[in-house]
Amino acid sequence: MQTAQPPKPRPLYDIIILGASGFTGKYVVKEALKFLNTPSSPLKTLALAGRSREKLVKTLQWAAHPSSPPNDVSVIIADTTDPPSLSSLCNQTKLLLNCVGPYRIHGEPVVAACASSGCDYLDITGEPEFMEEMEAKYHEKAMETGSLIVSACGFDSIPAEMGVMFNTRQWVAPAVPNHVTAYVSLESDKRIVGNFATYESAVLGVANMDKLQQLRRSRPKKPRPVVSDHSTFLFVVDILVFHGLKDGDSKPWAWWLQYYLPTLQYYSPHIRCEKIYIVSFLSIASIGRGILVPEADMMLGHPDLFKPLPQTMMIAIPGPRLPNGPTIEYQEKIGLRALKLPSADAVVVRRTLVTLMENPHGLPGINESPEHIGKREAYWSSVKPAHFGVKIASKSLLGIYRILGVGVFIGLLCRFSFGRWLLLKFPSFFSFGWFRKTGPSEDEVRSASFKMWFVGYGFSDSNLASERNSKPDVEIITRVMGPEIGYVTTPISLVQCALIVLSQRENLPKGGVYTPGIVFGPDLQERLQENGISFDVVSKTALPRPAPA
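Residues numbered from 1 in each chain as written. Predicted model: local features only at pLDDT ≥ 70, side-chain atom pairs only at ≥ 80, totals over all residues. Heavy atoms only, no water.

Where do I start with the overall build of the protein chain in this structure?
Secondary structure summary: the protein chain contains 19 helices and 22 strands in total. Counting all 549 residues of the protein chain, 52% fall into the buried class. Of all intrachain contacts in the protein chain linking residues separated by at least 6 positions in sequence, the fraction that spans at least 24 positions is 81%. (Helix = DSSP H or I, 4+ residues; strand = E, 2+ residues; numbered from the N terminus. Buried < 20%, exposed > 50% of the residue type's maximum accessible area, 1.4 Å probe, protein only. Contact = heavy atoms within 4.5 Å.)

Printed below as a string of structure tokens:
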């Protein structure tokens, strides 16, 4: 007879902030104290965790100033290199906020402890390799234990996710977006100084780019939003999984699909895979159903070779993908010059759209209320897929050249261990003063702000997207604005995500590793607006259509 397991003890704390005495961590503590034991706030108990009790006490005093530190905020000693201390943290709290970076060095033990214990987890990383590796390693375990693990809950990538969703929701049917580009502009009355941990993460991220690509190649391919042109405007996909193909066994139809539809890389066959996807389309031209691969009709007559899966909604991006454009772009409508920015934002947005493909109405909650079900389904039905990119912007050409110079330094020196040592030893020199180990002063933090412009191009009618050589005829510009990105906007974003977890846990997924947009999308924008981050529609413009040939 199997002995019943004793119930898990009730957590002592609603939130524990790990790394609370770090540069960003102390601002997260300051933001969290605003909501501790205030009316209507779900945050009633709070603890700070880190390696030094003395530093944690000083952090609490600094964050509470000019008031006295709350007597009921606990201080706990923990270290990311000490798994038992992390397990102890997870057993004492409902939600762990991890502010210890770089995450590729310090993050995995914390995620592992949360996934094992069932504790919920949020962090502020902007490191794609870390996020994707955690999803690959711990998603199944987190689903099993009920641990909700959400990364990128700071400036990377909350403004980007919520901003692109806000823009695509402005496209009222029959209008549809095709591409949205975010232009990030950092502003200050003094000087802009970033967090050294952000700089360190960027250096290590570039140095480990090969590992990220290797990770992506090793993972099973997932469906991604696809481009629909005049010949294949996609609405519905039936996926049939073929189990019989072996390495080196090529089929004419497999080659045909892969060769002629390169935009369908995640659906087209990889000859060395064990599974082959055959895709069928609903064609606008014929309003009829047809399989593009002739041999498929014959092969579908062999049920022993194929296992049908439930019909899945396809997210199709209408119209052809826009060309990349010049390296340095001048965006006249917003008065900024811009340069493409390698960032986590585009990766996180794409991961959200991939999850949305599998869950067109969003992720259902554990014990979701009917009101929240309606809110969630209405929200996600209004979000439309679009290509997304991010550019760093400046009012001056000199500012663009400075950004380009930092990128060249990092790109060249990251290839060598001595070069990486130089970059991390002398951050102020190699970043032209934008990053320093001491971080910004409080005056520099107060004077800084950001604007994030979202310029969307699309079609006034979805039918126009299916025409040959079609070009967007509508432009919608929206904007997200807020305070300094690393020490003010990031704590605001993280704490608001945490309050949603505490107040609406039953309305959220049981567990798993997800992006913030897919988890918090229906609820987060309103909370951000109430806490100093604004969302505005700047303009809606009809673009001239090319004259018919």
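The rest of the description comes next.
Please clarify how the sheet that holds strand β17 (residues 336–340) should be interpreted in this entry.
Strand pairing in a sheet takes place through backbone hydrogen bonds and is either antiparallel or parallel in direction. Ordered by their spatial adjacency, 7 strands build an open sheet running β16-β17-β18-β7-β19-β20-β22, and the pairing between neighbours is mixed. In the strand order of this sheet, the two ends are held by β16 (328–331) and β22 (534–542), each with one partner. Adjacent strand axes in the sheet meet at a mean angle of 30° when their direction is disregarded. Where β16 and β17 come together, 4 bridges link them in antiparallel fashion. Along β17, the bridge assignment pairs E329 with A338. Contacts from helix α7 (residues 158–168) reach β7 (176–188), β18 (387–394), β19 (448–459), β20 (474–483) and β22 within the one sheet, and its direction differs from that of β19 by about 35°. (Pairing = 2+ DSSP bridges. Axes fitted to C-alpha atoms, helices over the stretch in contact; angles between N-to-C directions.)

Explain the sheet that holds strand β21 (residues 512–514) here, please?
Within the open sheet, the 7 strands sit side by side as β3-β2-β1-β4-β5-β6-β21. Their pairing is parallel. Only two strands of the sheet have a single neighbouring strand rather than two, namely β3 (74–77) and β21. Taking each pair of neighbouring strands and ignoring which way they run, the sheet shows an average axis angle of 20°. As judged from the 4 bridges shared by strand β2 (residues 46–50) and β3, these two strands associate in the parallel manner. Residue A47 lies in a different strand from β3, and its bridge partner there is S74. The strands touched by helix α5 (residues 108–117) are β1 (13–18), β4 (93–98), β5 (120–123) and β6 (148–150); relative to β5, the strand with the most contacts, the crossing angle is about 155°. Helix α6 (residues 128–145) contacts β5, β6 and β21 of the sheet and is inclined by roughly 150° relative to β21.

Help me out: how do you make sense of the pairing of β2 in this one?
Every other side chain in a regular strand lies on the same face of the sheet, so the side chains alternate between the two faces. For β2, the buried fraction is high: 5 of the 5 residues fall into the buried class. Along β2, one buried face is formed by L46, L48 and G50 and the opposite face, lined by A47 and A49, is buried too. Two elements, β1 and β2, share 4 bridges in a ladder whose sense is parallel. Looking at β2, one finds that I15 is bridged to L46. As for the winding sense of the linkage, the β-α-β connection from β1 through helix α1 (residues 23–33) to β2 is right-handed. Read as a crossover between parallel neighbours, the route from β2 over helix α2 (residues 53–64) to β3 is right-handed. (Right-handed = clockwise from strand over helix to strand, strands pointing away.)

Where do I start with α1 in this structure?
Helical geometry: 3.6 residues make up each α-helical turn, so side chains three or four residues apart lie on a common side. Of all 11 residues in α1, 8 are buried; the element is thus mostly enclosed. Of the surrounding elements, those touching the buried residues of α1 are β1, β2, α2, β4, α17 (442–447) and α18 (485–503).

Whenever I open this one, a nonpolar patch on the surface confuses me. Can you help?
Together, L397, Y401, L404, V408 and L412 make up an exposed nonpolar region whose accessible area comes to about 430 Å². If you trace the backbone, L397 turns up in helix α14 (residues 397–413). By relative accessible area, L397 is classed as partly exposed at 35%. (Patch = residues over 30% accessible without salt bridge, like charges linked within 9 Å, V, L, I, M, F, W, Y side chains within 5 Å. Areas by Shrake-Rupley, 256 points an atom, 1.4 Å probe, with all protein chains shown as cover. Salt bridge = Lys/Arg side-chain N within 4 Å of Asp/Glu carboxyl O.)

Explain the pairing of β5 here, please?
On β5, burial covers both faces: D120 and L122 on one face and Y121 and D123 on the other are all buried. Pairing of β4 with β5 involves 4 bridges; the strand directions are parallel. Note on β5: the bridge partner recorded for L97 is L122. As defined by bridge partners, β5 adjoins β6 across 2 bridges and the pair is classed as parallel. The residue bridging L122 from the neighbouring strand is V150, located in β6.

When you look at the packing of aromatic side chains in this model, what are you seeing that I'm missing?
Two aromatic rings are characterised by how far apart their centres lie and by the angle between their planes. Within the structure shown, the criterion is met by 10 aromatic pairs. Consider the rings of Y379 and W380, whose centres lie 5.0 Å apart with planes at 85°: the pair is edge-to-face. Given a relative accessible area of 3%, W380 falls into the buried group. Here the aromatic rings of F418 and W421 are separated by 5.8 Å at their centres, their planes lie at 15°, and the arrangement is stacked. On the criterion of helical spacing, the pair formed by F418 and W421 is a turn pair, its members being 3 residues apart in helix α15 (residues 417–425). Classification of W421 as partly exposed rests on a relative accessible area of 45%. Sitting over the face of the ring of W62, K26 holds its NZ or CZ atom 4.7 Å from the ring centroid. Here the basic side chain of K30 rests over the ring of W62, its NZ or CZ set 5.1 Å away from the ring centre. (Phe/Tyr/Trp six-rings, centres within 6.5 Å; stacked < 30°, edge-to-face > 60°. Lys NZ or Arg CZ within 6 Å of the ring centre and 35° of its normal.)

How do you make sense of the packing of α6 against helix α12 (residues 344–358) when you look at a structure like this?
Two measures define how a pair of helices packs: the angle their axes make with one another and the distance between the axes. It is at 10 Å that the axes of α6 and α12 come closest, and there the two elements cross at 25°. In terms of orientation, α6 lies roughly parallel with respect to α12. When α6 is examined against α12, the residues P128, M131, E132 and E135 are found in contact with a partner set consisting of A344, V347, V348 and R351. (Parallel < 35°, antiparallel > 145°, perpendicular 65-115°, else oblique.)

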